[in-house]
Amino acid sequence: MSLYTKYRPKDFNNLVWQDFIKETLKKAIAEGKTVWAYLFCWPRWTGKTSTARIFAKAINCTNQKDWNPCLECENCKEFAEEKLIDVVEIDAASHTGVDNIREIIEKAQFSPTKTKYKVYIIDEVHMLSKGAFNALLKILEEPPNHVKFILATTETHKVPETIISRCQRYDFKRIDEESIRKRLLFIAESENVKIDDKSLNYIISSSNWWLRNAISLFEQLIESSEIIYERIIEKLWISSKEEFQNFISKLENKDLSILEDFDKIVESGKNLKLFFKELIFKIKDKIISELKDQKDISNLINIFDILDETYWKTKYSLDENTTFLVWILKIIWNQSNKNTENITQKAETKTKQKIEIKEKITDSEPKIEDLDDIFWSDFEEKNEWKTNKDWWFQAEIFINNLKQTWAKWALTMSLRWSKIAISWNQLEIAPNTKFARTSIDTFENREVMLKTLENMWFTDFNIIIK
Ligand SMILES: [Zn+2]
């Protein structure tokens, strides 16, 4: 079990921030003044569901201790095991249809099976459709006594006023630095982990003030029950000045080998976000110094601009690596660039040689129909490549394996931009872009692809890049 799951607050005592909300809710429980609908408004990552769950648990606990759930009674135990059917959690982001809400409303009319209250926690409530809101409104107008709604949203302005006016509203604050520090120190003490101040500061600033990030980073950094700042530097690597200079100059010159550098950074397990954060500062420094020398800084400004925007986007992206990779591709995307031409020419010559060699070999293995007729330059017309679901499925598994086992981000991205066919013992790739081609066709990447294919099908494979 991860430390984050282990230390997820299970009662009000362990909710380490949002004191005002916590105390107000506890007081309402103590005085029997809970209302039937709550609206929790919060910025992202504020421990929102934790609060809603603790509240749902507390009002149904048969043995409350200081208005906290006891965590021991039957209801509390069933809740922990997610077996308590009277507490329903809905993610509106994935259930926006009115049917779901109608179903909920119909069921809400019946008394709870075991507990005092039926509790409906509807997360991202602003995502409900208009029809769903109307249905919800209907029950909020005449709520049965045994029902409690906890509506949660990150975008309050999208919730209809008619709903808001029927709810008791709570505005959550973003967790502050001090609260993260306290929580980490509490976990450190409970887990018998020694941690120095510098490490604590490092973890907090790298976490973007998201407790979940902070706790997972904390967990990753524990080495024999200690977290020592000097070891963090060794392990997470703060890049050298030369490495940054090199990276920036490759960006400026749209040098494609930067994709390999990126792969290396990812593979080394170094902190990617930290690298890009540092990079922003390094580019800023360079802009200032070139400005002093009266050089043309338009290119650097452009790089800085796109990077800055990308950096903030990673906060909301599911996969930081891809977001940063796309940033690099955006920067180096310039087909008239001399460097690109050279590499492309090389790739074309290679491809031609390969096709010549291939033509000399008579291959008796079964083939996917028509594939041999497709020359890399005219694949545009051959869109039936991916239409066979089975190949497509195999290709997906292959790419996912590559991504998971080897962390080859540039390679997997490039493969996704290419047409791929896997037959009995042959992988054929027609890259859609010059970038994709250069990033796929390296000795190392061929090795990695072969190993992955062989692990999947236990047979030797042949790779053809068209
Ligand atoms: Zn209990």
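Residues numbered from 1 in each chain as written. Predicted model: local features only at pLDDT ≥ 70, side-chain atom pairs only at ≥ 80, totals over all residues. Heavy atoms only, no water.

### Considerations on the state of the cysteines
Inspection of every chain in the model, using the stated rule, returns 0 disulfides. Residue C41 stays outside any disulfide, its sulfur separated by 8.8 Å from that of C167, the closest cysteine. Judged by its relative accessible area of 14%, C167 is buried. (Disulfide = S-S within 2.5 Å. Buried < 20%, exposed > 50% of the residue type's maximum accessible area, 1.4 Å probe, protein only.)

### Details of the coordination of the zinc ion
Every protein donor of the zinc ion is listed here as C61 (SG), C70 (SG), C73 (SG) and C76 (SG), and their distances to the metal cover 2.2 to 2.3 Å. Its 4 donor atoms give the zinc ion angles of 100 to 118° at the centre, a pattern that matches the tetrahedral case. Along the chain, the residues that donate to the zinc ion are spaced as C-x8-C-x2-C-x2-C. Taking relative accessible area as the criterion, C61 reaches 8% and is therefore assigned buried. (Donors = N, O, S within 2.8 Å, 3.2 Å for Na, K, Ca; no water. Tetrahedral: all angles 85-135°; square planar, octahedral: opposite > 155°, others 65-115°.)

### Quick look at the packing of aromatic side chains
This model, assessed by the stated rule, comprises 14 aromatic pairs. Seen in terms of ring centroids, F40 and Y170 are 5.9 Å apart; in terms of plane orientation they differ by 85°. Their pairing is edge-to-face. Of this pair, F40 sits in strand β1 (residues 37–41) while Y170 sits in strand β5 (residues 168–171), placing them 130 residues apart in sequence. By the burial criterion, F40 is buried, and Y170 matches it. Both rings, one in F247 and one in F276, keep their centres 6.3 Å apart while their planes meet at 85°; by these two values the pair is edge-to-face. Placement of the pair is F247 in helix α12 (residues 241–252) and F276 in helix α14 (residues 272–292), with a sequence separation of 29 residues. F276 gets classed as buried once you look at its relative accessible area, which sits at 0%. The rings of F244, F247, F262, F275, F276, F324 and W327 are connected pair by pair, giving a single aromatic cluster. (Phe/Tyr/Trp six-rings, centres within 6.5 Å; stacked < 30°, edge-to-face > 60°. Helix = DSSP H or I, 4+ residues; strand = E, 2+ residues; numbered from the N terminus.)

### A short note on helix α15 (residues 298–313)
Its 16 residues give α15 an end-to-end C-alpha distance of 23 Å, which sits within 8% of 22 Å, the value for a rise of 1.5 Å per residue. Listing the buried residues of α15 in full gives L300, I303, I306, L307, T310 and Y311. Across the axial projection of α15, the buried residues extend over an arc of 140°, all falling on one side. (Expected span 1.5 Å × (residues − 1). Arc of directions from axis to C-beta.)

By themselves, these observations are geometric and do not establish any function.
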